[in-house]
Amino acid sequence: MGPRRKNVKPCSVNREGAESSKPDEPKDYMNQLSHEVLCHIFRYLPLQDIMCMECLSRKLKEAVTLYLRVVKVVDLCAGRWWEYMPTGFTDSSFLTLLRKMPDIEQLYGLHPRYLERRRVRGHEAFSIPGVLEALQACPNLLGVETSHLELVEAIWTYMPQVHILGKFRNRNGAFPIPPENKLKIPIGAKIQTLHLVGVNVPEIPCIPMLRHLYLKWVRLTKPQPFKDFLCISLRTFVMRNCAGPTNSLKYVPLVTGLASARNLEHLELVRVPFLGGLIQHVVEDSWRSGGFRNLHTIVLGACKNALEVDLGYLIITAARRLHEVRIQPSLTKDGVFSALKMAELEFPQFETLHLGYVDEFLLQCKMTNGDLVKYGLADVVENPGIITDIGMKAVNEVFSCIKYLVIYNCPHLHNPNNWITDHSRWTRLVDLTLVRCHAIKLDSFSQFIELLPSLEFISLDQMFREPPKGCARVGLSAGTGIGVSSALVSNQNSNNDNDNNNNHQNNNNPNIHHNNHQHPNDQNEENELRQDGQAEEQQIAAEGNH
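Note that this is a predicted model, so its numbers are computed, not measured.

Focus on the packing of aromatic side chains
- On inspection of all chains with the given rule, the structure shows 19 aromatic pairs.
- Considering the side-chain rings of W81 and W82, the 5.4 Å spacing of their centres and the 90° angle between planes classify their relative orientation as edge-to-face.
- Residue class for W81 comes out partly exposed when judged on its relative accessible area of 21%.
- Ring centres 6.4 Å apart and planes at 80° place the aromatic pair F337 and F399 in the edge-to-face group. Separated by 62 residues along the polypeptide, F337 in helix α12 (residues 334-343) and F399 in the loop between α15 (389-398) and β13 (404-408) bring together distant segments of the chain.
- F337 sits in the buried class, given a relative accessible area of 0%.
- Relative accessible area serves as the criterion here: at 2%, F399 is assigned to the buried category.

This is the structure in structure tokens:
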């Protein structure tokens, strides 16, 4: 036999060397996470991003399915309540989505850009009946946030147990009011904030849960729209330039219903022709039980029949909490403040006073008063305020802690220096705005502003051709004919330094406009109402669990 041949195996390539020769591939950390961790991460992502993960891998698809099964609160707009929900939904796709979320309790962001009123056979669309079918497929649904007029009315009709979450505000409001904008509010509707702009409404019924009611350019179509009005939880009531009954007696249930809201804080009536003296009698009957006693803001503008006693009784009743009053020109009189002075009241929280208040819509509207009457608004012709220097002296003595003062179109004011007395002066006045007060004397005004130690902002419009002496201390710039200015200044400069720098400031900083700090913008208002609504919605969810 020949020698045994040894079998030799081929040398294998070193694995480490092979791996080092290949480029590094990124590790899939997401698939290494457990389903519980993935579901926890999904809580911080928008729903649209979560649904996109469904097609990335099998494990992510399983995690998305598990997450949707247990989720209770969903926002289709990812917290951006001012936007519309994603487009592309149809009745079938929306139903499929909600069926994946059987435990959902609160649905936010249901703001479709367009909804069909009815289904069309053979045509796949996004319709109101389709949305209702999808919502009814959620057995634990407690509340929905939407801004669609027809959809919210359908929810009230077919799903009365569902709350309307957040702040309902229609997005297609306009003036003149479009005929398709209409809403029927049922008795006892489960809603806390109702903000209607440019809508036809038959009546305002009894809504016990309602906290904030805002009506602007709303046409009330029934002859007696306030017959059943009663909102005991109301905190804010705003009614601006609404077309309602012309008979002032029809507004008696409105005022009595507002007196029944013991927590009412904000009352704003603009172009509301209620019966003169009505508020006085209602206050006399209800103040002992708390009617109007918690008001902190009172606004009366272009109310045709309003009397001084109506305003005076409201101010006296709410003196303890009052911090802002805006008064229409017809009520800007000496007698109002002389009576308040005789009442010897204290206003510990008062900050803002607007004399001769005119609503922005009425200032900017190009229509005449006759044209507005054709659209159903009350017949009101505003004249300038008739308050004099004697009345302003009473204002100083009544509201001694005022911070923001606005005076519009009061031609009978002459000597501001006479508004201040030795025992009473505006030591806290920060912001002063004067518009169209043509008769004020320049020298007197110069002496007046020197008596205000905390003054930081001055805004003058259609007042002086030249800035008064001493205005450099507050950065006043008048220009020619119209002067509007604002500046945050230090009160440590001497008068001589101010006089030397007057021309320099006027040349470098002309016509600077500023925003009134006492009026919050719409976004802040929306955020406050949204936060207030979310706190209530948590309470609703807790009640639903029980």
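Back to the text.
With respect to the sheet that holds strand β1 (residues 73-75)
- The sheet built from 4 strands is open, its strands ordered β1-β2-β3-β4 with parallel pairing. Only two strands of the sheet have a single neighbouring strand rather than two, namely β1 and β4 (163-164).

Comments concerning the confidence of the model for the protein
- The pLDDT averaged across the protein works out to 84; a share of 79% of its residues lies at or above 70.
- Taken together, the stretch residues 16-21 has pLDDT below 50 and engages in 0 contacts with residues farther than four places along the chain or on a different chain.
- Taken together, the stretch residues 477-521 has pLDDT below 50 and engages in 80 contacts with residues farther than four places along the chain or on a different chain.

Things to note about helix α9 (residues 252-260)
- Three or more residues of α9 are buried, namely L254, V255, G257, L258 and A259.
- Lining the buried residues of α9 we find β8 (236-240), β9 (266-270) and α10 (278-286).

Notes on the packing of helix α11 (residues 308-317) against α12
- In contact at an axis separation of 10 Å, α11 and α12 are set at 35° when each is read in the N-to-C sense. In this structure, the crossing between α11 and α12 has a hand that is right-handed. Mapping the contact onto sequence places E308, L311, G312, I315 and I316 in α11 and V336, L340 and A343 in α12.

Quick notes on the nonpolar core
- Among the nonpolar cores identified, the biggest contains 130 residues, and L196, F237 and W426 are the most heavily contacted of them.
- Per-element accounting of this core gives the leading share, 6 residues, to helix α8 (residues 149-158).
- If sequence neighbours within four positions are ignored, L196 has contacts with L149, F168, N170, L183, I185, V201, Y214, L215, K216 and V218.
- Of all hydrophobic cores here, the second largest spans 8 residues; its members include W217, A243, L372 and L377.

What to know about the pattern of salt bridges
- Tallied over the full model, the rule gives 11 salt bridges.
- Between D91 and R119 there is a salt bridge; the shortest N-O distance is 3.5 Å. Note that D91 is positioned in helix α6 (residues 91-99) and R119 in the loop between β2 (106-110) and α7 (128-136), a separation of 28 residues in sequence.
- With a relative accessible area of 12%, D91 lands in the buried category.
- Accessibility expressed as a relative area gives 44% for R119, which makes it partly exposed.
- Ionic contacts of the salt-bridge type, sharing partners, join the residues D91, R119 and E133 into one network.

Observations regarding the sheet that holds strand β12 (residues 352-355)
- Taken in spatial order, the 11 strands line up as β5-β6-β7-β8-β9-β10-β11-β12-β13-β14-β15 in an open sheet, and their pairing is parallel. Of all strands in the sheet, those bounded by a partner on one side alone are β5 (168-169) and β15 (457-461).
- Direction of pairing for strand β11 (residues 324-327) relative to β12: parallel, over a ladder of 4 bridges. Bridge pairing in β12 links E324 to T352.
- Along the sheet face, α11 touches β9, β10 (297-301) and β11 and points at about 175° away from the line of β10.

Conventions and cut-offs
- Residues numbered from 1 in each chain as written.
- Predicted model: local features only at pLDDT ≥ 70, side-chain atom pairs only at ≥ 80, totals over all residues.
- Heavy atoms only, no water.
- Phe/Tyr/Trp six-rings, centres within 6.5 Å; stacked < 30°, edge-to-face > 60°.
- Buried < 20%, exposed > 50% of the residue type's maximum accessible area, 1.4 Å probe, protein only.
- Helix = DSSP H or I, 4+ residues; strand = E, 2+ residues; numbered from the N terminus.
- Pairing = 2+ DSSP bridges.
- pLDDT = per-residue confidence, 0-100.
- Contact = heavy atoms within 4.5 Å.
- Axes fitted to C-alpha atoms, helices over the stretch in contact; angles between N-to-C directions.
- Left-handed = near helix turned anticlockwise from the far one by under 90°.
- Core = buried A, V, L, I, M, F, W, Y, C linked by side-chain atoms within 4.5 Å.
- Salt bridge = Lys/Arg side-chain N within 4 Å of Asp/Glu carboxyl O.

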